[in-house]
Amino acid sequence: MSPDVSIIIVTYNSASYIEQCIHSIHEHSQQTSFEIIIVDNCSLDTTVQIIESKFPQAKIFQNQHNVGFASANNQGIEASEGKYILLLNPDTEFKSNLLQESLTFLKHHPDVGCVGPQILNVDGSIQRTGVSFPSLWNSFVEIFFLEQLFPSTRIFGRHRRLFDNPNEEHIVDYLQGSCLMFPKQVLQKLAGMDERFFLYFEETDLCYRLKQEGWKTVYVPQAKLLHYGGSGSEYYNEFRLLNYHKSFLLFHSKHYSQTKQIVFRLILFARAFVRGCTFVVLSFRPNYVERAVAYFKTALYLSGVKK
């Protein structure tokens, strides 16, 4: 018999997290039938060995090189047998009956194509998810850190929508990609993730196309997840910033007019340059020199000087 849910986890050097992640799935999902599919993007650590030795029931696919997050998820979707698909990051832990809560919501709301849980930091605080699609205004606001100075206002905080009650369900444009559930037929109609996105904006693009097809994306706080990633100084390194902006520009080229693309690129350049200068001023703090260098290199990429 096919499981209710196929849980797809893309791993890359995830040995520090994967064991606890899978244990938490089993601990909190006893009411729901599921299968676990691991797609490993050529990890150099012991990720694969841990899975093979401790979770032999999990299906595992090993790529010979890192094909990117979108492509690896599509591999998992193609191999899945469940009627519903949960895309899950390895640096997470279920903290409630997440699978059943998400599944029940989707079954009772056929107009919903994607749901995501309330996400918690290690200290128990809420890691906000459920944001608005990129806009010229939001990007302009970020240049001058106005979204950080006035995060909960409807004028400057439109992108992250911190004015929404995190303990109430609400419809959003898109959700953080660390944990998303879809009916499989929705993903099949959308042809899965766009594999041109190597890292970042895969879920943004997917939810954008989902909305265009008439489905809703909903934040479901009764489902809860602990997420170790998404914050910290390592997030600002050069590799992540460059890939973030490359994916940002790809998203623009797919969904926005040529004029908007040009304006977005100018705004992104200004934001990267301003932030580079800001981190130079604050360079007495740990890792801020590295952040400054990363932002300046990003500005060069956005100007067309650096490929």
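This is a predicted model, so every value here is computed, not measured.

Novice: Help me understand the pairing of strand 4 (residues 84-88), please; the structure alone is not making it clear to me.
Specialist: Regular strands place side chains that alternate from one sheet face to the opposite one. Within strand 4, five of the five residues are buried, leaving the element largely enclosed by the surrounding structure. Burial along strand 4 is two-sided: Tyr84, Leu86 and Leu88 facing one way and Ile85 and Leu87 facing the other are all buried. Strand direction decides the pairing type here: strand 1 (residues 5-11) and strand 4, joined by five bridges, are parallel. Bridge assignment links Ser6 to a residue of strand 4, and that residue is Ile85. Pairing geometry for strand 4 and strand 9 (residues 179-183), over five bridges, is antiparallel. Bridging across to strand 9, Leu86 finds its partner in Met181.

Novice: Just checking my understanding: could you explain the environment of Phe279 for this structure?
Specialist: Its location among the elements puts Phe279 in helix 10 (residues 258-281). In sequence terms Phe279 and Val5 are 274 residues apart; their C-alpha atoms lie 44 Å from each other. Beyond its immediate stretch of four places on either side in the chain, Phe279 contacts Tyr288, Arg291, Ala292 and Tyr295.

Novice: Which parts of the structure should I look at to understand the pairing of strand 10 (residues 216-227)?
Specialist: Within strand 10, nine of the 12 residues are buried, which leaves the element mostly enclosed by the surrounding structure. Where strand 5 (residues 92-94) lies against strand 10, three bridges are found, and the strand directions are antiparallel. Bridge pairing links Glu93 to Leu226 in strand 10. Taken together, the eight bridges between strand 6 (residues 112-120) and strand 10 define a ladder with parallel strand orientation. Bridged to Val115 within strand 10 is Val218. Bridge count between strand 8 (residues 170-172) and strand 10: three bridges; the pairing is antiparallel.

Novice: Got a minute to help me understand the packing of helix 9 (residues 238-255) against helix 10 in this structure?
Specialist: Viewed as axis vectors pointing N to C, helix 9 and helix 10 meet at an angle of 160 degrees, and their least axial separation amounts to 10 Å. Considering the angle they form, helix 9 stands roughly antiparallel to helix 10. In terms of crossing hand, the pair formed by helix 9 and helix 10 is right-handed. Contacts between helix 9 and helix 10 pair Tyr244, His245, Phe248, Leu249, His252 and Ser253 from the former with Gln261, Phe264, Arg265, Leu268 and Arg271 from the latter. The class makeup of the residues in the contact of helix 9 with helix 10 is five nonpolar, four polar and two charged.

How each quantity is defined
- Residues numbered from 1 in each chain as written.
- Predicted model: local features only at pLDDT ≥ 70, side-chain atom pairs only at ≥ 80, totals over all residues.
- Heavy atoms only, no water.
- Buried < 20%, exposed > 50% of the residue type's maximum accessible area, 1.4 Å probe, protein only.
- Helix = DSSP H or I, 4+ residues; strand = E, 2+ residues; numbered from the N terminus.
- Pairing = 2+ DSSP bridges.
- Contact = heavy atoms within 4.5 Å.
- Axes fitted to C-alpha atoms, helices over the stretch in contact; angles between N-to-C directions.
- Parallel < 35°, antiparallel > 145°, perpendicular 65-115°, else oblique.
- Left-handed = near helix turned anticlockwise from the far one by under 90°.
- Nonpolar A, V, L, I, M, F, W, Y, C, P; charged D, E, K, R; others polar.

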